[in-house]
Amino acid sequence: MVVSVILPVYNGSRTLIGTIEEVKEFSKKFPNFEFIFVNDGSTDNSLRILHSHLIFPKTKNIKLISYNQNKGKGYAVKKGVEMAKGNYICFMDSDLAYSLDYLHDLIKYLERYDVVLGSRTFAKEENRRRIKLNRQIPGIVYNKISRILLNHPYLDTQAGIKGFRSSAARKLFAQQRIKRFAFDTELIFLSLKYNFKIKEMPIIVSRPETYNSSTVNIIKDSIVMFFSLLKIKYSELAKKYEK
């Protein structure tokens, strides 16, 4: 059984070396995991770091995709899915705000479910202590709007760790239309549309210092995500998603 793990990278040079070293150690212990780093048009030193630590010397079970223009997290994950060879396909944030150890839990759930969503709502108080208020409030507002517009029951759509059976991933990402942050919500919406079995998995932010200092622009990205929700709703009403 092969498990593919996609790590999208955008201007992540501050944490990238530590992430690569952790991934190398993990892949040595668990050689059935393949890791795919996707450099989403970074403008800092991320690509240089990825080349120097992954290409020279060449690393087993760790691959790199890179392109020059920033396309968005959703686009980056989709490119990783296209290269993935695993029976199970997962993605997680490249700053490892969520521990690699959660991958084992994802796989256990994927033995019984088609789609597994990391959810911070099961340890709400612990995560509240770890996440800054200016990161919490936009997420709460966005989630309420998305549940109303798209009629889904999930309280956490944006946690940066999710897993799929390969067959589900292929179908979902083939229909994906959102390239940036709201792509998670679109995948959940499509999972419900196609009657995939979905499971929420409790997670805790393992590294609040990296989570709270991510490259997300709270105001700009919140506006983009809101209009992305409208695009999802329009795509459904216009029957742009395959049945």
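Reading the values: rules and limits
- Residues numbered from 1 in each chain as written.
- Predicted model: local features only at pLDDT ≥ 70, side-chain atom pairs only at ≥ 80, totals over all residues.
- Heavy atoms only, no water.
- Helix = DSSP H or I, 4+ residues; strand = E, 2+ residues; numbered from the N terminus.
- Buried < 20%, exposed > 50% of the residue type's maximum accessible area, 1.4 Å probe, protein only.
- Contact = heavy atoms within 4.5 Å.
- Areas by Shrake-Rupley, 256 points an atom, 1.4 Å probe, with all protein chains shown as cover.
- Core = buried A, V, L, I, M, F, W, Y, C linked by side-chain atoms within 4.5 Å.
- Pairing = 2+ DSSP bridges.
- Axes fitted to C-alpha atoms, helices over the stretch in contact; angles between N-to-C directions.
- Parallel < 35°, antiparallel > 145°, perpendicular 65-115°, else oblique.
- Left-handed = near helix turned anticlockwise from the far one by under 90°.
- Nonpolar A, V, L, I, M, F, W, Y, C, P; charged D, E, K, R; others polar.
- Salt bridge = Lys/Arg side-chain N within 4 Å of Asp/Glu carboxyl O.

> Can you lay out the overall build of the protein chain for me, pointing to particular residues and giving the numbers?
Within the protein chain one finds 10 helices and 7 strands. Within the protein chain, the fraction of its 243 residues that count as buried is 50%. Nonlocal contacts in the protein chain, meaning residues at least 24 apart in sequence, comprise 82% of its contacts between residues at least 6 apart. Carbon and sulfur atoms provide 54% of the accessible area of the protein chain, an area that totals close to 11700 Å².

> Describe the nonpolar core, and please don't skip the residues or the numbers.
The biggest cluster of nonpolar side chains holds 35 residues, and the ones touching the most others in it are Val115, Phe164 and Leu172. In terms of residue count, the dominant contributor to this core is helix H8 (residues 183–193) (5 residues). In contact with Val115, other than residues within four places in its own chain, are Leu110, Gly163, Phe164, Ala168, Leu172, Ser191, Phe196, Lys197, Ile198 and Lys199. In this structure, Ile20, Ile49, Leu50 and Leu106 belong to the second largest nonpolar core, which totals 34 residues.

> How would you summarise the sheet that holds strand E2 (residues 33–40) if you had to cite specific residues and measurements?
The 7 strands are arranged E3-E2-E1-E4-E6-E5-E7 in an open sheet whose pairing can be described as mixed. The open sheet has two edge strands, strand E3 (62–67) and strand E7 (198–202), and neither has a second partner. The mean angle between the axes of side-by-side strands here comes to 20 degrees, regardless of whether they run parallel or antiparallel. Summarising the sheet, E2 and E3 pair through 6 bridges and their orientation is parallel. Considered in E3, the bridge of Phe37 is made with Leu64.

> Before we move on, can you summarise the packing of helix H3 (residues 73–83) against helix H7 (residues 166–175) with the specific residues and values?
Two numbers describe how H3 lies on H7: the axes approach to 10 Å, and their chain directions differ by 140 degrees. The orientation of H3 relative to H7 falls into the category oblique. For the element pair H3 and H7, the recorded crossing hand is left-handed. Two secondary-structure elements touch here, H3 through Val77, Lys78, Val81 and Glu82 and H7 through Ala169, Arg170, Phe173 and Ala174. Here the contact of H3 with H7 is built from residues that sort into 5 nonpolar, no polar and 3 charged.

> Break down the pattern of salt bridges for me, with residues and values.
Applying the stated criterion to the full structure yields 9 salt bridges. Its salt-bridge partner being Asp184, residue Lys162 comes within 2.9 Å of it at the nearest N-O pair. Of this pair, Lys162 sits in strand E6 (residues 161–165) while Asp184 is found in helix H8, placing the two residues 22 residues apart along the sequence. Taking relative accessible area as the criterion, Lys162 reaches 1% and is therefore assigned buried.

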